[in-house]
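# Observations on the model geometry
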Amino acid sequence: MWDVFCRVIDNHGDLGVCLRLARQLVGRGVSVRLWVDDARALSWMAPDVAQGRVPGLQVLNWEWAKQPQRLANEPLGEVWIEAFGCELPSAFVAHGVHATAISGQAPPHWINLEYLSAERHAEQCHGLPSPVMSGAAKGWTKHFFYPGFTAATGGLLREDDLGEQWAAFDRLAHRKALHPQITPQQRLYSLFCYEPAGLMPWLKSLRGTEHLLVTPGRAWAAVQQAVQAQGPGAGSCTALPYTDQDSFDRMLWACDLNLVRGEDSLVRALWAGQALVWHIYPQDDQAHHAKLQAFLDWLQAPESLRRFHAIWNGIESGHLPELTASTLACWSECIQAARKRLWAQTDLVSQLMAFANH
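Within any chain, residue numbers begin from 1 and follow the written order of that chain's sequence. In keeping with the model being predicted, local features are shown solely for residues with a pLDDT of at least 70 and side-chain atom pairs are shown and tallied solely at 80 or more, while totals for entire chains, interfaces and linings include all residues. To get the side-chain values, take all heavy atoms of the structure and skip hydrogens and water.

### Considerations on the overall build of the chain
Rule in force here: Comment: elements are numbered from the N terminus, with helices defined as DSSP H or I runs of at least four residues and strands as E runs of at least two. Only the C-alpha atoms count toward the radius of gyration. The rule for a globule is 2.2 Å times the residue count to the power 0.38. We call a residue buried when its accessible area falls under 20% of the maximum for its residue type, exposed when it is over 50%, and partly exposed in between, using a 1.4 Å probe and counting protein chains only.
Along the backbone of the chain there are 16 helices and 12 strands. The globule rule puts the C-alpha radius of gyration for 358 residues at 21 Å, and the 22 Å found for the chain is close to it. Projected onto its principal axes, the C-alpha positions of the chain cover 70 × 40 × 40 Å. A total of 358 residues make up the chain; the buried ones form 52% of that total.

### What to know about unusual backbone geometry
The phi torsion at Phe84 lies on the positive side, around 60 degrees, for a residue other than glycine. Turning to its location among the elements, Phe84 is positioned in the loop between β4 (79–83) and α5 (90–103). Phi is positive for Gln300, close to 60 degrees, though the residue is something other than glycine. Considering the arrangement of structural elements, one finds Gln300 in the loop between α13 (287–299) and α14 (303–312).

### Looking at helix α11 (residues 245–254)
Note the following rule: Pairing of N or O atoms within 3.5 Å defines a polar contact, subject to two protein rules: one partner must be a possible hydrogen donor and the other a possible acceptor, and residues neighboring in sequence count only if both atoms are side-chain atoms.
The buried fraction of α11 is high, at seven of 10 residues. Within α11, burial applies to Gln245, Phe248, Asp249, Met251, Leu252, Trp253 and Ala254. Two or three places before Asp246, at the opening of α11, Asp244 has a side-chain oxygen 3.1 Å from that residue's backbone nitrogen.

### Looking at the pairing of strand β12 (residues 275–279)
Here is the rule: DSSP calls a pair of strands paired once it identifies at least 2 bridges connecting them.
Judged by how many residues are buried, β12 sits mostly within the fold: five of five residues are covered. Burial along β12 is two-sided: the face carrying Ala275, Val277 and His279 and the face carrying Leu276 and Trp278 are both buried. Both strand β11 (residues 257–261) and β12 contribute to a ladder of five bridges, which runs parallel. Paired with Leu257 across the strands is Ala275, a residue of β12.

### Focus on the side chain of Asp347
The cut-off we apply is this: Residue contacts are counted whenever heavy atoms from the two residues lie within 4.5 Å of one another.
Mapping Asp347 onto the fold places it in the loop between α15 (325–343) and α16 (348–357). Side-chain polar atoms of Asp347 contact the side chain of Ser350, separated by 2.7 Å. Setting aside anything within four residues of it in sequence, one finds Asp347 in contact with Arg28, Gly154, Leu156 and Arg158.

### A short note on the pattern of salt bridges
Put simply, the test is: Salt bridges are defined by distance alone: a side-chain nitrogen of Lys or Arg within 4 Å of a carboxyl oxygen of Asp or Glu.
This model, assessed by the stated rule, comprises 23 salt bridges. As a salt-bridge pair, Arg20 and Glu159 come within 3.9 Å of each other at their nearest N and O atoms. Of this pair, Arg20 sits in helix α1 (residues 14–27) while Glu159 is found in the loop between β7 (141–145) and α7 (162–168), placing the two residues 139 residues apart along the sequence. Taken as a pair, Arg20 and Glu159 share a single burial class, namely buried. Here Arg268 ties to Asp249 by a salt bridge, and the two come within 3.2 Å at their closest N and O atoms. Residue Arg268 is found in helix α12 (residues 264–272), and its partner Asp249 is found in helix α11; the two are separated by 19 residues along the sequence. Take Asp249: its relative accessible area is 3%, and that puts it in the buried class.

### Here's the deal with the environment of Leu156
Its place among the elements puts Leu156 in the loop between β7 and α7. It is 8.0 Å that separates the C-alpha atoms of Leu156 and Val349, two residues lying 193 residues apart in sequence. Among all residues touching Leu156, those that are not within four sequence positions of it are Leu116, Gly148, Phe149, Val267, Trp271, Leu342, Asp347 and Leu348.

### Here we look at the nonpolar core
For clarity, the cut-off: For our purposes a nonpolar core is just a set of buried Ala, Val, Leu, Ile, Met, Phe, Trp, Tyr and Cys residues, chained together by side-chain atoms within 4.5 Å.
By size, the foremost hydrophobic cluster in this structure holds 61 residues, and its most contacted members are Trp202, Leu257, Leu270 and Leu299. Setting aside anything within four residues of it in sequence, one finds Trp202 in contact with Tyr189, Leu212, Leu257, Leu259, Phe308, Trp312, Leu320 and Leu323. Among the nonpolar cores identified, the runner-up in size contains 37 residues, and Trp2, Val4, Cys18 and Leu19 belong to it.

This is the structure we're talking about:
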């Protein structure tokens, strides 16, 4: 039994990563309790999970982990995962310490699963111990686990059958399903963003041969605001409904360019192997600038892709590079080369399981 704890800040990203992690663990024969403080997005993100139809995977209310009476009948988990550095409820920790003392079992493997980064600290801090200095578990040890893009990190989430899924995917048929009027000459783009600085001029520059699929929520609101402010461009767009993770992934596979945000969709866009642009989560201290630069360096991004990212994310001003056929082909080649490097590395779940079993 593994316990995965998730506090929802951005329900698409935080919960999305934890859901994929839980699913992949269950697929390896591990029972998982997913403790989450806001599970509402599961109703569209994973209806089968929300309805309790995935054997081996339980979704539990975070508040229950604060209540000793509710914990009394819960078995001790072998692994505790604090996703994105969330702090486990003290009652849950105390219950685990008590259960360990009574049973004589070894303490659970306590893992702080950090945010994804291509910066050097991900390699430097991956796997380091962090002694617990206070509370019921004083004297126990957590370990930092950093997802990442190199063999010196914890790797990325990747389904065991992802290659088989690609092989069975009918890209042309899926493009038609997403946009029935699309022609072979038209390009299909997906947009999943916050409010990027470069959105308004980019929408204005779209041509009639370009069609944009816009995800619901902040992305669609940002597009509507931009259109109201400046009028529509020549390109067309479709507002998408909320959809499950598998359908989202297949949309990325079908598009010629994926404009994504956060962590989960970035990884999925890398696996899609199509041209991508990342709207990185903005931070008040501008720390996201260095994080984006490190990613682009790892990606070995061409100058046009670096320039687009800088303007899209508001780091630089100026005109966005034109999305010509040759530009998109260059970007796609870059992403496919990066995907090949990632495919040769051990995935995150395999590394987590090896760590827990060592």
